[in-house]
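Coordinate analysis (summary)
Spelled out, the chains give:
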Amino acid sequence: MKKVMQGMLVMLATFTFVTSVSAKGNDTLLTYANQSHKIAGENVSLSNGDIAKIERFLNSNEVTDEQASDIIAKCDEIIAVLNREGVKDVTKLSKNVKNEIFGLAKEAANIVGVTLSYDKANKEIVAYKGDKKIDAISLNPYLKQTGTANVLAITMSVVAILGTGTLVLRKRFNA
Amino acid sequence: MLNKNVKTIIKATMKSIIVAFIYSFLFFGVLFICFNKSYKELKSTIDLISINNKEVSSKDVLIDEESHKLVVYPEYGTKYATLQIPSLNIDLPVFFGDSMSILKHGIGHSSSSYFPGEGGSILYMGHNNVGVLSKLKNIDINSEIIVQTSYGKFTYKVYDHQIINYKETDKVPTNKGEEILMLYTCFQTSTFGHTEKRFVVYAKLENSEYRGEE
Amino acid sequence: MKIFKHILNFITLVTMIIFIFLLIGKSVLLDENNIKNHLEDINYYHEIYTNIQEQIENNTLESGLNTEELKNTVDEKIVKSEIDKLVDSLFQNKELNIDERDFQKKIDTKITEALNAADRTPSYEEKKDIERLEKELVNIYKEEISVFPSTVSKLSLIISKVKNISKPVIIVLTVLLTILIVLTIILNKKPLKELGTIFTACGIIAITLNLILRQIYQNISIISKVFSNLIVSIIDKYLSLVLVTGCIILLLGLSLLVINNFKQSKN
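What comes next is a walk through the structure. (Residues numbered from 1 in each chain as written. Chains lettered and ligands numbered in written order. Predicted model: local features only at pLDDT ≥ 70, side-chain atom pairs only at ≥ 80, totals over all residues. Heavy atoms only, no water.)

Moving on, we come to helix 7 (residues 124-146) of chain C. Taking 1.5 Å of rise per residue, 23 residues should cover 33 Å, and helix 7 of chain C covers 33 Å from first to last C-alpha, within 8% of that figure. Phi turns positive one or two residues past the end of helix 7 of chain C, at Val 147 of chain C, with a value near 60°. (Helix = DSSP H or I, 4+ residues; strand = E, 2+ residues; numbered from the N terminus. Expected span 1.5 Å × (residues − 1).)

And the structure:
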């Protein structure tokens with residue numbers, strides 16, 4: 001009986017450890033996504049819509065601690081790039097910087113097996129996991145022309161999956 | 001004699017082929033030493049712009065019955081629900097995603113919002129053509145909007161509608177904590193062209209019936 | 001002496017490989033007419049034409065205008081000639097000038113016809129709505145054709161530099177290869193055997209490189225499906241030619257070896 005109890009305790013501890021390892025990575029990312037970050041002297045945070053995308057990804061995918069750290073490191077790199085440029089107006093970023101940021105976003109997405117691809121026809125960045133389209137970010141921040149509207153030329157990522165575009169977009173349009 | 005000749009020829013040829021293979025290995029060895037790093041960089045760059053064709057098996061949309069959180073979401077661009085407005089005789093398919101190519105087929109669901117049953121804001125949109133949402137502007141307060149999904153049926157009651165500008169995204173906020181369905185379409189005051197106005201209907205969740213629950 | 005022979009063979013082999021890859025690359029990737037023929041072969045012009053029509057349809061579904069009539073404002077022949085202009089500007093280092101006037105005129109005409117049919121004079125707001133629609137449609141037209149207009153001038157500069165360098169490099173390689181092959185013949189008692197070995201190795205390398213490189217790029221997805229297919233198909237064509245060349249050289253090498261060994265066995 002004692003041995004059975006001991007065995008069960010060990011199993012319980014292992015199970016908790018395993019789930020907490022997995023859950024912790026998700027929690028870490030979610031906490032980071034909910035934080036505000038200083039960019040060019042302003043405190044900026046993701047919108048609720050962007051958090052919804054991230055939550056959706058984390059609800060259906062487990063992220064390890066290591067993956068979460070790597071992703072956060074990439075996001076910090078992106079924020080560093082924006083701070084280096086010190087621009088408040090997104091449209092003033094050069095094409096090279098936009099490409100640099102998009103490259104970092106793709107690397108971050110890759111960490112969790114997500115590929116980002118630009119769909120020119122629909123003017124959105126599409127995220128794939130394997131062959132499956134899991135989400136997309138429109139480069140059009142306005143309500144659809146159920147029609148058309150302005151198209152922004154930049155995206156950036158704070159958290160891999162689809163934080164793409166949003167921090168800076170929010171800065172631009174909520175300023 | 002002939003056989004012996006053939007054997008000799010084959011043997012000699014094989015020797016030369018082996019030498020050829022040695023040259024090839026040497027060549028690839030040199031390539032590896034000189035270009036391995038560049039090859040890896042090139043490969044990872046190309047990986048970044050490639051879609052992995054490893055098949056992810058298509059799963060049905062799944063909801064956790066206790067927390068009522070979705071654990072398997074529909075693939076972006078696929079139909080996962082139908083939207084019904086009985087008072088306007090509207091019955092349309094709902095697709096996850098809101099690109100122009102999706103809106104051609106029915107109602108689009110903004111991926112910056114939550115799913116029915118998740119307890120947050122839901123943003124749907126559709127064209128204002130006949131056969132889609134042309135009658136939406138006639139909707140009354142207290143009308144019912146029903147969203148039928150594979151994991152449950154959700155009934156919303158209209159409490160407001162507004163005409164807004166397409167830039168007024170703050171009028172269709174994504175919030176957690178209260179399940180509000182927002183449905184919008186273009187509001188044409190003119191007959192031709194692309195209008196800046198949107199007609200938005202706001203509805204609160206009245207009733208939810210999860211599949212399997214009696 | 002033996003080592004010297006092997007070193008010479010190896011240098012000849014490497015030169016041959018570089019020569020094959022560069023020569024095929026020049027003919028596939030740097031030849032304007034080849035590229036245009038390839039676009040025709042993979043139906044690129046028609047795909048772009050269809051894409052434009054589809055996007056016009058998506059963007060005019062609720063404009064109040066007849067979507068089918070608006071789709072018909074796109075002329076496939078004109079789309080083809082505009083795409084050819086893009087290829088010309090890439091390869092001849094010309095400025096890219098997509099001419100959307102014909103398309104714009106047709107859109108204007110359709111809209112005017114629709115207004116006349118409805119017996120209406122557009123209000124100020126409606127005129128703005130119509131302008132917005134026209135601007136979007138013209139943008140779609142230009143962007144589908146030009147793919148990435150801002151990069152065209154940079155790319156055409158790179159292409160012209162590569163074209164300028166490739167000619168002398170190929171000439172130098174040809175001369176070098178000729179010298180090396182002549183040396184191989186002169187310095188060896190059994191030149192057929194050495195050449196056969198070199199050619200066989202060359203064929204093996206070409207085929208192996210082909211197989212390795214084919215694993216990398218097949219799933220490329222950029223800009224649009226049509227454009228991605230174009231990139232993949234061009235690389236496919238290049239590698240297919242390398243493969244065929246490799247196979248021919250391999251067979252040639254084996255033939256030389258067999259001929260040499262047959263001669264030896266007779267002696």
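Anyway, onward from the coordinates.
Attention now moves to unusual backbone geometry. All names here are of chain B. The phi dihedral of Asn 89 falls on the positive side, at around 60°, and the residue is not glycine. Here Asn 89 shows up in the loop between strand 3 (79-85) and strand 4 (90-96). Although it is not a glycine, Asn 142 adopts a positive phi angle of roughly 80°. Its location among the elements puts Asn 142 in the loop between strand 6 (122-125) and strand 7 (144-149). Residue Asn 142 is classed as exposed on the basis of its relative accessible area, which comes to 52%. (Buried < 20%, exposed > 50% of the residue type's maximum accessible area, 1.4 Å probe, protein only.)

Our next topic: helix 2 (residues 32-41) of chain C. Residues and elements named next belong to chain C. Taken as a whole, helix 2 has its buried residues at Glu 32, Ile 35, Lys 36, His 38 and Leu 39. Down the axis, helix 2 shows its buried residues gathered within 160° of arc, on one side only. Exposed positions of helix 2 whose direction lies more than 90 degrees from the buried face are Asn 33 and Asp 41. Backbone nitrogen of Asn 33 and a side-chain oxygen of the N-cap are separated by 3.0 Å at the start of helix 2; the cap is Asp 31. (Arc of directions from axis to C-beta. Polar contact = N/O pair within 3.5 Å; in protein donor to acceptor, adjacent residues only side chain to side chain.)

All right, on to the interface of chain C and chain B then. Counting residues at the interface gives 46 residues for chain C, matched by 42 residues for chain B. Between chain C and chain B, a total of about 4,000 Å² is buried, with carbon and sulfur atoms accounting for 64% of that surface. Our count for the contact surface shared by chain C and chain B stands at three salt bridges. Across the salt bridge formed by Lys 104 of chain B and Glu 57 of chain C, the nearest N and O atoms sit 3.8 Å from each other. Those elements giving two or more residues to the side of chain C that touches chain B turn out to be helix 1 (2-29), helix 3 (44-60), helix 6 (101-117), helix 7, helix 9 (191-217) and helix 10 (225-266) of chain C. (Contact = heavy atoms within 4.5 Å. Buried area = accessible area lost by both parts, 1.4 Å probe. Salt bridge = Lys/Arg side-chain N within 4 Å of Asp/Glu carboxyl O.)

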